[in-house]
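Residues per chain are reported as follows:
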Amino acid sequence: MDELLVMSELKHPNIVTFIGACMEPPKDMWFCMELCDRSLNEIIHGSQKRNLPSCTLSVHEKLTLAGEVASGMSYLHTRTPPLVHRDLKSANVLQSRDGHLKVCDFGLVRTKNGGAGTPSYMAPELLTGKPFNASVDVYAFGGL
């Protein structure tokens, strides 16, 4: 429910677009977002499960993709109050059909549990349960 509420308020070219939701518990709870072809993780590493090869990206392509993720994160961080994603990783960045990257998975934005997230992308303050701010997303961005 928190993720749905967050997504319904976001409008940015580098944030996955929320289309709608059905909230009829217990089994008809879902939300619909724009169709994206693959994750940044699949672009970088490929996917045996989906038979997708990895891509060799030029420096220009890498910088363009990084700029798109940074733009989406900047949008989140400049909102009032700032939204801290807290689980930024290559699997939570999707490529839309037009080739642009979009940040998704806002399930931890409003969670009070500082230890939630993906440990290999988590900033030290999240791992140790200390107070955090948007810098934890910058830390995770460095690991993309």
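Overview of the structure. All figures in this text were calculated on a predicted structure; none of them were measured in a lab. (Residues numbered from 1 in each chain as written. Predicted model: local features only at pLDDT ≥ 70, side-chain atom pairs only at ≥ 80, totals over all residues. Heavy atoms only, no water.)

A word on the nonpolar core. In this structure, Leu10, Leu76 and Phe106 are the most contacted members of the largest nonpolar core, which totals 26 residues. Of all the secondary-structure elements, those providing two or more residues to this core are helix H1 (2–9), helix H2 (40–45), helix H3 (59–77), strand S4 (93–96) and strand S5 (101–103). Counting residues per element, this core draws most heavily on H3, which supplies five residues. Residue contacts for leucine 76: discarding those within four places in its chain leaves Leu10, Ile15, Pro82, Leu83, His85 and Phe106. If you look at the next biggest cluster of nonpolar residues, it comprises six residues, including Val84, Ala123, Leu126 and Val136. (Core = buried A, V, L, I, M, F, W, Y, C linked by side-chain atoms within 4.5 Å. Buried < 20%, exposed > 50% of the residue type's maximum accessible area, 1.4 Å probe, protein only. Helix = DSSP H or I, 4+ residues; strand = E, 2+ residues; numbered from the N terminus. Contact = heavy atoms within 4.5 Å.)

A word on the sheet that holds S4. An order of S3-S4-S5 is seen for the three strands of this open sheet, with the pairing classed as antiparallel. Edge positions in the sheet fall to strand S3 (36–39) and S5, since each has one partner strand and no second. Here the strands of the sheet are splayed against their neighbours by 40° on average, with no regard to which way each runs. Two elements, S4 and S5, share three bridges in a ladder whose sense is antiparallel. Of the residues in S5, the one forming a bridge with valine 93 is valine 103. In the packing of H3 onto the sheet, the strands contacted are S4 and S5, and the crossing angle to S5 comes to about 30°. (Pairing = 2+ DSSP bridges. Axes fitted to C-alpha atoms, helices over the stretch in contact; angles between N-to-C directions.)

Counted according to the given criterion, the structure contains one aromatic pair. Between phenylalanine 18 and phenylalanine 31, the ring centres sit 6.5 Å apart and the planes meet at 40°, which makes this aromatic pair tilted. Linking phenylalanine 18 in strand S1 (residues 18–24) with phenylalanine 31 in strand S2 (residues 28–33), this pair joins segments that are 13 residues apart in sequence. (Phe/Tyr/Trp six-rings, centres within 6.5 Å; stacked < 30°, edge-to-face > 60°.)

Right, let's talk about H1 for a bit. Buried within H1 we find Glu3, Leu4, Val6 and Met7. Within H1, the buried residues cover an arc of 165° as seen down the axis, which keeps them to one side. Contact partners of the buried residues in H1: S1 and S2. (Arc of directions from axis to C-beta.)

Before going further, it helps to spend a moment on the pairing of S1. In terms of strand pairing, S1 meets S2 through six bridges, oriented antiparallel. Residue glutamate 24 lies in a different strand from S2, and its bridge partner there is aspartate 28.

This brings us to the side chain of threonine 118. Checked against the element boundaries, threonine 118 lands in the loop between S5 and helix H4 (124–127). Looking at threonine 118, its side chain comes within polar contact range of the side chain of lysine 89, at 2.8 Å. With residues near it in sequence (within four places) discarded, threonine 118 still touches Asp87 and Lys89. (Polar contact = N/O pair within 3.5 Å; in protein donor to acceptor, adjacent residues only side chain to side chain.)

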